[in-house]
Amino acid sequence: MRFSFGDREIEVEPGQSIGAALIAAGYRSWRTTRGEGAPRGVFCGIGVCFDCLVVVNGRPNQRACLTDARPGDRIEPQEGAGRAGLAC
Ligand code: FES
């Protein structure tokens with residue numbers, strides 16, 4: 001199974017979250033904060049901190065740590081409040 005992340009294809013195991021798949025692929029951050037543009041990735045891993053937000057199939061503000069990765073999904077980094085299009 002694979003999903004796309006920017007221009008890269010990411011391998012994913014059945015039942016794996018998007019966040020876990022991104023970490024397994026070597027990513028540590030994929031979002032920037034609204035004010036300072038600071039990098040963020042998985043912090044709490046349980047859906048509380050919202051640091052891990054990604055854009056899933058055009059829908060911003062999806063928590064990567066809680067969202068199951070599905071084959072064919074198009075995942076993009078999230079900039080600030082939810083624009084897609086950051087470099088990976
Ligand atoms: S890592 Fe905290 S909500 Fe996802």
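Residues numbered from 1 in each chain as written. Predicted model: local features only at pLDDT ≥ 70, side-chain atom pairs only at ≥ 80, totals over all residues. Heavy atoms only, no water.

Q: What exactly am I supposed to notice about the pairing of strand β5 (residues 53-56) here?
A: Regular strands show a simple pattern: their side chains alternate between the two faces of the sheet. Of the two faces of β5, the one lined by L53 and V55 and the one lined by V54 and V56 are each fully buried. In this sheet, strand β7 (residues 74-79) lies alongside β5 in antiparallel orientation, the contact comprising 3 bridges. Within the sheet, the bridge partner assigned to V56 lies in β7 and is I75. (Buried < 20%, exposed > 50% of the residue type's maximum accessible area, 1.4 Å probe, protein only. Helix = DSSP H or I, 4+ residues; strand = E, 2+ residues; numbered from the N terminus. Pairing = 2+ DSSP bridges.)

Q: What exactly am I supposed to notice about the nonpolar core here?
A: In globular proteins that are soluble, nonpolar side chains generally tend to be buried together. If you look at the biggest cluster of nonpolar residues, it comprises 16 residues, and the most contacted ones within it are F3, F5, I10, I18, L22, W30 and I75. When contributions to this core are tallied by element, the ones reaching two or more residues are β1 (2-5), α1 (18-24) and β5. The leading source of residues in this core is α1, at 3 residues. In contact with F3, not counting residues within four places along its chain, are R8, E9, I10, V12, I18, A21, L22, A69, R70, G72, D73 and I75. (Core = buried A, V, L, I, M, F, W, Y, C linked by side-chain atoms within 4.5 Å. Contact = heavy atoms within 4.5 Å.)

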